[in-house]
Structure formats: structure tokens, C-alpha cells
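# Breakdown of the fold
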Amino acid sequence: MMIFLLLLFSYITFHLHKLIFQSRANSCCYMLHYECYKGTEDRKLDTETCAKIVMRNKNLGLQEYRFLLQTIVSSGLGEETYGPRNVLEGREATPLLADSLSEFDDIAFDTLDALFAKTGISPTDIDILVVNVALFSPEPSLTSRVVNKYKMREDIKTFNISGMGCSASIVAIDLVRQLFKSHGKALAIVVSTESIGPNWYCGKERSMILSNCLFRSGGCSMLLTNNGSLKGKAVMKLKQSVRTHLGADDEAYNCCIQMEDKLGHQGFLLTKGLTKAAAVAFTLNLRVLVPKILPVKDLLHYVLHTYNRKMAKGGVNPSLEAAGEGLNMKAGIEHFCIHPGGRAVIDGVGKSLGLDDYDLEPSRMALHRFGNTSAGGLWYVLGYMEAKKRLKRGDRIFMIGFGAGFKCNTCVWEVTRDLADGNVWGDCIDSYPLPPLNVSPFMEKFSWINDEVLTHVDLTSAFNKIQVGFLFWIFSWSRISSPLAASCYSRSNPTRNRPTRLEPMRWSQPPGRRRWGRRCGGDWRKGGGGDLGVVGDIAVAKSAVVLQLGPAAFGLKD
């Protein structure tokens, strides 16, 4: 009897130990590889292309143009971000289902092809597939589209996530981590992207047109596993993930929402309550995450600091900059991967956590090069760190994402080996970071839109008289060479290739026009004129266009 009980006890102990050990092993989540999308050259949104897209919107006026210029300049985006094809082709007001599917196919299949090729993993080896696209959910689902493309197994577990916003990739990774607990030695793929083309806003509401200035095409595919035998091939290991949701609060729920304006134009509304919602969500998220990653002495310092701040101010400051006040995150984190949602978001989180320019550089440069690519944005930031050879074995990476709902999702990764792949940054990494005093190309070429002269111009009427592209070309041209502009002045020294002095020239004109302009280069509203240097070329060009069209074309009286 004793021998039987001893054997039974040994059997139970063995299986309990095996169950506990297997549960711990399955709960691990390793990233084997990630692949970001890089568009083709014909999809780049440089200043001229952006201007053409803006000018196609007949609902905009001078004040909206000025607002757009101010927004794009302050956003931190550069000239090499990528746009959807239907917008570049001038069909943003009439998108088709085929445009949405094509945009997804370009990003998802391009990154998945590269992922399978670089890892040597076959699509038939995949056990779990998660696809997240917030603004596009067709029938059949996008996961079914991927399964059909790569002829994956019949027993694959698929999950299609929509409506989760910019932090959706962390949601998807957390979902995979939970699934790994019940699926041993599994391989999972996460595809994170967004549908930009069909959701381009064609109205004039400022709080909705912001999305056109920030969001760009992009995405990422990731390969994850809980198979311990593959951890030697892994690039990172997931240590923590925390999700915070403020959907129960009406102000937070409505601060970032898809809707139609009064004229029926569909878009994405961003309200002033967004920063408050982000601050509250980030604060609540840190309360859960910080005890898991920081040393005890830093936790005690944070608790005391928070208590003293509440006693002094009578509450918590609802600003993003104050969310992490008193924290020393660098005691437990080496790298900070902040979602490149915009310059204000990056700077706000940076100030909150006490980060310096070196810490914020990856997010700022990712925003400049690729824009806000929604759920895929975090991985361009990670790619920058890797291309700069910052990531060393044992380093910890703190990822921070915000999304509609309102949500703040964070996770912490541990680098498992030194990383130095150039990835999508390979051909341009040496040109980054940008110099501190780098001037926005949008301001360089279109600062004339802020000219007080144009306050008296009816741009809508003017654009009905001439082609938009020509007006933008001559207004933004910094040297006079067109016959139209040249007809308004003569060179004082024709033997020089580039004049240093422009001499005003008189011409005959109807008596009714004498009051609004006699000579090029002067204030045409007052009839002034004078000698101009090369620096006055732009002003001369603008005056030339006005004079050629006549005051009536610009809504002016003779």
C-alpha cells in the first residue's frame, strides 16, 4: 500500500511540475523578425504633390490654407512620406473598394513576402494570424485574404481586429501572448497597417482636416513564437504589456472618432480633449506598469513625489507632460519607442518622462521620414534604433501607443542579441538625425500664403481663372524666369546672367487699374513700386500674376 501511494504521489508531482513548467514556457513571447513597409518613389508626398492635393479641395479658402500650412509645418513631417494611390491619382473624393483592397495588399503582402524570405519560415507553419486595420473591415475578412494568398493550413487560428486605432499593434501582440498560453510551440504572425485612401477627408472642418496632415501609408508584419528552441533566433523577448481603456468616459470616447461633417464629408475628428484623455490614460497605465519594471527605491521616490504634488496642487495635473512627473524610467529602461503620432505627442511624452533629445530622436525621425502610419508607426521607430546600432543584448525597450476609444497601450521588450539591420532605413540612415535648425520645406516653398496681401484676394475666383498648378508654381518660384513675370520688369544689366538689381518698368493700362498697381514689385494695392533685388523675386512674381489677370479675377475692385 505504501509503495502504491508513493508511486501515485510521484506521478502527480511529476505532472504538476510538467504542467507548471509548460505553462511558463508557453507564456513566453519571442519576436523572430519584423518587416516594415517602404513605398515606391511614385507614392512620395513632396511639397508640390501635397499642394496639388490640397488645391483639389474646392471647399477650402485662404484661412484653411494658412491653417494647413501651419499644421503641416508644426507636425514634423518631411517630404518623403508615402500616400495612398487613389489620393495621388486625384480620386480621394470617390474611393472604390478596390482602392482599399489594393492598399492593404501592397503593404501586407510586401512585408509578409520579405518576412517569410528572411526567416525561412513557410506560411504553412503558421498557427496564429492576427490582422489589425482600424478603418477597413471587408467581407471576407482581411485574415481570410492573407490565408487565401499564402494557402495556409485549415486549422490556423485567425483574428481580425478593427477600430483599435494607432495602438492596435500592441493590442494584437498582447492577444498573441494570451493565445500562446494555450498553444504550445506555436508560430504567430501579426500584420499592422491602416486604410488611409478611402478615409481621406475632403471637407473643411479644421478638427477633421488634421488627419490629412498627419497620417501616411505604412505598416509592419511581425513573426512571434513561444517555442523555446527558437529563442536563439529571436531578436526580442516580450517582458510586460499593459492595456488601459477609457471608453466609459464620454469625453475620452469622443475625442478621437470617425464621423461625417455637416456637409456629409466623412473623416476623422480630433478634438481638444484628446490631450487630456491621453494624459489620464497614460497616468493610469504607468501605475500598473511601473511597479513591474522599476527598482524599489525609484518606486518609493515616485510615490512620495506624487503625494506631495497632490497635497500642493489639490489634485493631479491633467496634462500629458505631467503624467510621469517624478518617475525615473531610465532606471529600468534603456530605449523609448514613442508612437510617432505627431510632434506634440512625442514632446509631451518626452517631457512627462524626463527624456532628452537622444531618447526622442528615433520617434521624431520616424515621424519626419514616414509620417504617422497609425498602428505600424512604432516599428519604424524601432527600425531607426536598430539601423543606428543602438540596440544591444539585454537592453529594454519601452513602447508607448495611444489609440481611439480612448486607449493607452504599452509594452516592454528585452533585446536578446545585438541588432544592426539597416531595414527600411538602410538607404537614408546616414542623413539622420536632422540638424536642430532644419527648416520645413513646406514653409520654404509656401510661406507666401501668409502674406497679408492675399487677405484681400478671392482665391477661389482666381483659381477658376487659371490652372492651380501654374499659380502655385509661379508663386513658389524663387527666381524670375517666366515670360509672364519677366514682362513686368527689365534688367538693368543685361550682360549679367543673374541680375542684382531689378528696374521697374512702366506700361500702358486702363485708367481703372491705375489705383491698384502702376509698377511691379511695389504694393499693388497702393500703386507703389521701386527697385528690387533678387530677394524680391517672389514678390515680383506674385504681383505679375495679379497684374496679368486683373483685379476682377481676384475679387478686387478697379
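So, how was this worked out
Residues numbered from 1 in each chain as written. Predicted model: local features only at pLDDT ≥ 70, side-chain atom pairs only at ≥ 80, totals over all residues. Heavy atoms only, no water. UniProt positions renumbered as here; feature names shortened; annotations may be inferred. Helix = DSSP H or I, 4+ residues; strand = E, 2+ residues; numbered from the N terminus. Contact = heavy atoms within 4.5 Å. Areas by Shrake-Rupley, 256 points an atom, 1.4 Å probe, with all protein chains shown as cover. Expected span 1.5 Å × (residues − 1). Buried < 20%, exposed > 50% of the residue type's maximum accessible area, 1.4 Å probe, protein only. Polar contact = N/O pair within 3.5 Å; in protein donor to acceptor, adjacent residues only side chain to side chain. Pairing = 2+ DSSP bridges. Phe/Tyr/Trp six-rings, centres within 6.5 Å; stacked < 30°, edge-to-face > 60°.

Per an unreviewed UniProt entry, the protein chain carries the name very-long-chain 3-oxoacyl-CoA synthase and comes from Linum tenue. The UniProt entry for the protein chain carries the following text under Pathway (unreviewed entry): "Lipid metabolism; fatty acid biosynthesis." Under the UniProt heading Catalytic activity (unreviewed entry), the entry covering the protein chain gives this text: "a very-long-chain acyl-CoA + malonyl-CoA + H(+) = a very-long-chain 3-oxoacyl-CoA + CO2 + CoA".

## Considering the overall build of the protein chain
Looking only at helices and strands, the protein chain features 19 helices and 13 strands. The long-range fraction of contacts in the protein chain, counting pairs at least 24 apart against all pairs at least 6 apart in sequence, stands at 78%. Total accessible area on the protein chain is roughly 25900 Å²; 55% of this is exposed by carbon and sulfur atoms.

## With respect to helix α5 (residues 97-119)
With 23 residues, α5 should cover 33 Å at 1.5 Å per step; its first-to-last C-alpha distance of 33 Å lies within 8% of that length. Two residues or fewer past α5, Gly120 is found with a positive phi of approximately 75°.

## Description of the side chain of Glu361
Within the fold, Glu361 resides in helix α13 (residues 357-370). A relative accessible area of 14% means that Glu361 is categorised as buried. Polar side-chain contacts of Glu361 include one of 3.1 Å to the side chain of Arg390. With residues near it in sequence (within four places) discarded, Glu361 still touches Tyr384, Lys388, Arg390 and Pro433.

## Structural notes on the environment of Trp413
Checked against the element boundaries, Trp413 lands in strand β11 (residues 407-415). Judged by relative accessible area, Trp413 falls into the buried class, the value being 0%. As a C-alpha pair, Trp413 and Gln240 span 173 residues in sequence and 7.2 Å in three-dimensional space.

## Regarding the pairing of strand β6 (residues 236-245)
Side-chain direction in a regular strand flips from residue to residue, so the side chains alternate between the two faces of the sheet. Sheet analysis places strand β1 (residues 30-36) next to β6, joined by 2 bridges and oriented antiparallel. If you follow Met31 over to β6, its bridge partner there is Met236. Note that β6 and β11 share 9 bridges and pair antiparallel. The partner of Arg243 across the bridge, within β11, is Asn409.

## As for the packing of aromatic side chains
Tallied over the entire structure, the rule returns 13 aromatic pairs. Where Phe116 meets Tyr150, the ring centres are 5.3 Å apart and the plane angle is 65°; that geometry is what we call edge-to-face. Placement of the pair is Phe116 in helix α5 and Tyr150 in helix α6 (residues 142-150), with a sequence separation of 34 residues. Here Phe116 and Tyr150 have matching classes, each one buried. Where Phe370 meets Trp425, the ring centres are 5.2 Å apart and the plane angle is 80°; that geometry is what we call edge-to-face. With Phe370 in helix α13 and Trp425 in the loop between β11 and α15 (441-446), the pair connects residues that are 55 residues apart, well separated along the chain.

## Details of the pairing of β1
Among the 7 residues of β1, 7 are classified as buried, and the element is accordingly described as predominantly covered. With 6 bridges connecting them, β1 and strand β5 (residues 219-225) associate as antiparallel partners. Across the sheet, residue Tyr34 finds its bridge partner in β5, namely Met222.

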